[in-house]
Amino acid sequence: LLTDLIERLEGSCQLIQSNTDGLIVKLNGNEDEVRAICKEWEERTGMGLGYDRITKICQKDVNNYIAVFEDGGIESKGAYVKKLNNLDYDLAIVNEAVRDYLLKKTPVENTIYSCKDFRKFQKVVKLSNKYKWVEHEEKGRTKRYDNKCYRVFASKDEGDGRILKCDGVRNPAKFGNTPDRCFIVNDDIRGQTTDRFPKLDREWYVDLAIKRLRDFGVDV
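Rules used in this analysis
Residues numbered from 1 in each chain as written. Predicted model: local features only at pLDDT ≥ 70, side-chain atom pairs only at ≥ 80, totals over all residues. Heavy atoms only, no water. Helix = DSSP H or I, 4+ residues; strand = E, 2+ residues; numbered from the N terminus. Rg over C-alpha atoms; globule rule 2.2 N^0.38 Å. Buried < 20%, exposed > 50% of the residue type's maximum accessible area, 1.4 Å probe, protein only. Contact = heavy atoms within 4.5 Å. Areas by Shrake-Rupley, 256 points an atom, 1.4 Å probe, with all protein chains shown as cover. Pairing = 2+ DSSP bridges. Axes fitted to C-alpha atoms, helices over the stretch in contact; angles between N-to-C directions. Expected span 1.5 Å × (residues − 1). Polar contact = N/O pair within 3.5 Å; in protein donor to acceptor, adjacent residues only side chain to side chain. Core = buried A, V, L, I, M, F, W, Y, C linked by side-chain atoms within 4.5 Å. Parallel < 35°, antiparallel > 145°, perpendicular 65-115°, else oblique. Left-handed = near helix turned anticlockwise from the far one by under 90°. Nonpolar A, V, L, I, M, F, W, Y, C, P; charged D, E, K, R; others polar.

J.: Even after reading the chapter, I still don't get the overall build of the chain, so can you show me in this structure?
T.: From N to C terminus, the chain includes five helices and 12 strands. For 220 residues, the compact-globule formula gives about 17 Å, and the C-alpha radius of gyration of the chain, at 23 Å, lies well above that figure. When each of the 220 residues of the chain is scored for burial, the buried share is 40%. Across the chain, the fraction of contacts at a sequence separation of at least 24, relative to all contacts at a separation of at least 6, is 56%. Taken as a whole, the chain presents about 13,200 Å² of accessible surface, with 44% of it coming from carbon and sulfur.

This is how it looks when you write it as structure tokens:
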């Protein structure tokens, strides 16, 4: 039914996004015409439509976007821009930097270098049942860990290396989306500031934020 609506709207507006439960279109100053088409569709299909006004949208795809509504509300979807919670708190500073740039054009360096909340820099990795232990490269050696979950941070210390997952059979594999130089802090870090961890490599997070913005088609 939505495909039918898209076909009838063709030529009257620009389709920005279509999903299973709605459309986002850009009007060409002809709102009455678009609403008339939608009303005919409602009467013919028995379906009802609701309307929201969006003043700005930045999207990578239909599952990764941030939209600003006329009333100031913000809706964000997808790993790159979604708001995080205590159960899903991974690379929060990168999400914040991407959001701040898309919404306010704040340079990612400003957001990342001004942040003092150490927890926002954590990359959480979990050992699946396919693997038996974790190894961390430190000063040319590997240190073994048997925990299931790790808080990983990018490091400027050249003695720090990769965090690896091991199954005891094949060569150890690097955890995805982790720095080549990292350190592990598995203590309770709530309330901790970055001042206590001078080897934190903020530039790694800057580079990741820029990469994600480029995935949105932003030239930075």
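J.: Can you walk me through the sheet that holds strand β5 (residues 74-77) in this structure?
T.: In a beta sheet, neighbouring strands are held together by backbone hydrogen bonds and run either parallel or antiparallel to one another. Spatially, three strands are ordered β3-β4-β5 in an open sheet, and the strand pairing comes out antiparallel. Either end of the sheet is taken by a strand with one partner, and the two such strands are β3 (54-61) and β5. Neighbour-to-neighbour, the strand axes of the sheet open up by a mean angle of 5 degrees, direction not taken into account. Relative to β5, strand β4 (residues 64-69) runs antiparallel, the two sharing four bridges. If you follow Tyr65 over to β5, its bridge partner there is Lys77. Contacting β3, β4 and β5, helix α3 (residues 92-104) runs over the sheet at an angle of about 45 degrees to β4.

J.: I keep staring at helix α5 (residues 202-215) and nothing clicks. Help me out?
T.: Residues spaced three or four apart along an α-helix point in a common direction, a consequence of the helix completing one turn every 3.6 residues. Here α5 spans 20 Å end to end across 14 residues, near enough to the 20 Å set by a 1.5 Å rise per residue. When α5 is considered as a whole, its buried residues turn out to be Arg202, Tyr205, Val206, Leu208, Ala209, Ile210, Arg212 and Leu213. Against α3, α4 (108-114) and β9 (149-154) lie the buried residues of α5. Regarding α5, its N-cap is Asp201, as a side-chain oxygen of that residue lies 3.2 Å from the backbone nitrogen of Glu203 further along. A positive phi of about 85 degrees marks Gly217, the residue just after α5.

J.: Looking at this model, I keep getting lost on the environment of Lys120. Mind explaining?
T.: Secondary-structure assignment places Lys120 in the loop between α4 and β6 (123-126). Here the alpha-carbon distance between Lys120 and Arg141, two residues 21 residues apart in the chain, equals 28 Å. Ignoring anything within four residues of it in the chain, the contact list for Lys120 reads Tyr89, Leu91, Ala92, Ile93, Glu96 and Cys115.

J.: What exactly am I supposed to notice about the nonpolar core here?
T.: One broad rule of soluble globular proteins: the nonpolar side chains tend to lie buried together. Judged by nonpolar contacts, the single largest core of 31 residues is most densely connected at Leu102, Phe153 and Tyr205. The set of elements that each furnish at least two residues to this core consists of α3, α4, β9 and α5. For Tyr205, the residues in contact, after removing those within four places along its chain, are Leu91, Ile93, Val94, Ile112, Phe121, Val152, Phe153, Ala154 and Leu200.

J.: I tried to follow the pairing of strand β1 (residues 13-19) on my own but got confused; where do I start?
T.: Looking along a regular strand, one sees the side chains alternate between the two faces of the sheet. Looking at chain direction, β1 and strand β2 (residues 22-27) are connected through six bridges and run antiparallel. Bridged to Gln17 within β2 is Ile24.

J.: Would you mind showing me how to read the packing of α3 against α5 here?
T.: Helices that pack against each other are described as a pair by the angle of their axes relative to one another and the distance between those axes. Where α3 meets α5, the axes come as close as 9 Å, and the angle between the chain directions of the two elements is 50 degrees. Taken together, the axes of α3 and α5 are oblique relative to one another. α5 is crossed by α3, and the crossing has right-handed handedness. Across from Ile93, Val94, Asn95, Ala97, Val98, Tyr101 and Leu102 in α3, the residues of α5 making contact are Tyr205, Leu208, Ala209, Arg212 and Leu213. Taken together, the residues of the contact of α3 with α5 break down into 10 nonpolar, one polar and one charged.

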